[in-house]
Amino acid sequence: GKGAINNRMTNNLMRRLEEKGVPTHYVEEINDRDTFVKKVEIVPLEVIIRNTAAGSFSKRYGVPEGKKLPVTVLEFSYKNDDLGDPLMCESHALALKLVTKEQLETVKKYASIVNETLKEFFLEKGLKLIDFKIEFGLYDGEVILADEISPDTCRLWDVKTGEKMDKDRFRRDLGNVEETYAEVLKRVKND
Ligand code: UDP
């Protein structure tokens, strides 16, 4: 049932982000597992935002997981399976013509709004937004938010217990995957 949960959660968050001025691919949820979206040409960049050290950041720099970062980290990876999605800096993305400078500025502006919006929203639900990955696409030449936002693409830790409420549950074999995903959706939908 993870797909249905992620579908509904993504749509819920996309609608909220639209209200905050971030254009998204969302058009209409058809049922549990199907959604009409605007067909975009995906920008081949994984845009990662980090509020707290975890995962590859902790590993790469030897920082303990859970250490709050004094600044928000914005990171890019080149979406390319053959190359293993390598970490990339802005000038690399421009040199490879993956985006224009103007598009990159828009991506950064929207990424920051997404972070501020989701951080506040999840906190109200008792969840700490550790880090997340988003993707953008081009639609009619404009940059819009696409892909998904779910516990598969965000690290969410319970504020009170510190429990991991995201895909690390199955990647790290922590158990209760279904229950945890359902709990996150329940909190997100509960207004
Ligand atoms: N992420 C993702 N897809 C990817 C890579 C990362 O959704 O292909 C998300 C991941 O869930 C986490 C954040 O981006 O919320 C940062 O991931 P990290 O670089 O720490 O790598 P990971 O530990 O997930 O391998």
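Thresholds applied
- Residues numbered from 1 in each chain as written.
- Predicted model: local features only at pLDDT ≥ 70, side-chain atom pairs only at ≥ 80, totals over all residues.
- Heavy atoms only, no water.
- Phe/Tyr/Trp six-rings, centres within 6.5 Å; stacked < 30°, edge-to-face > 60°.
- Buried < 20%, exposed > 50% of the residue type's maximum accessible area, 1.4 Å probe, protein only.
- Lys NZ or Arg CZ within 6 Å of the ring centre and 35° of its normal.
- Pairing = 2+ DSSP bridges.
- Helix = DSSP H or I, 4+ residues; strand = E, 2+ residues; numbered from the N terminus.
- Contact = heavy atoms within 4.5 Å.

**Student:** Explain the packing of aromatic side chains residue by residue, including any values.
**Tutor:** Under the defined criterion, the tally for this structure stands at three aromatic pairs. Their ring planes at 55 degrees and their centres at 5.6 Å tell us that Phe121 and Phe122 sit as a pair that is tilted. Here Phe121 matches Phe122 in class, with each residue buried. If you follow Lys164 out to its NZ or CZ, it ends over the ring of Trp157, 4.6 Å from the centre.

**Student:** Tell me about the pairing of strand E1 (residues 26-31), and please be specific about residues and values.
**Tutor:** By the bridge criterion, four bridges tie E1 to strand E2 (residues 34-37) in an arrangement that is antiparallel. Within E2, the residue paired with Asn31 across the bridge is Asp34. Following E1, the chain reverses through two residues before pairing antiparallel with E2.

**Student:** Just give me the short version of the side chain of Thr52, but keep the residues and values in it.
**Tutor:** Turning to its location among the elements, Thr52 is positioned in strand E4 (residues 45-52). Contact partners of Thr52, with chain neighbours within four places excluded, come to Gly66, Lys67, Lys68, Leu69, Lys128 and Ile130.

**Student:** Give a detailed account of the environment of Glu124, specifying residues and quantitative values.
**Tutor:** Here Glu124 shows up in helix H4 (residues 101-124). When its relative accessible area of 58% is taken as the criterion, Glu124 is described as exposed. The spatial distance from the C-alpha of Glu124 to the C-alpha of Pro86 is 34 Å, given a sequence separation of 38 residues.

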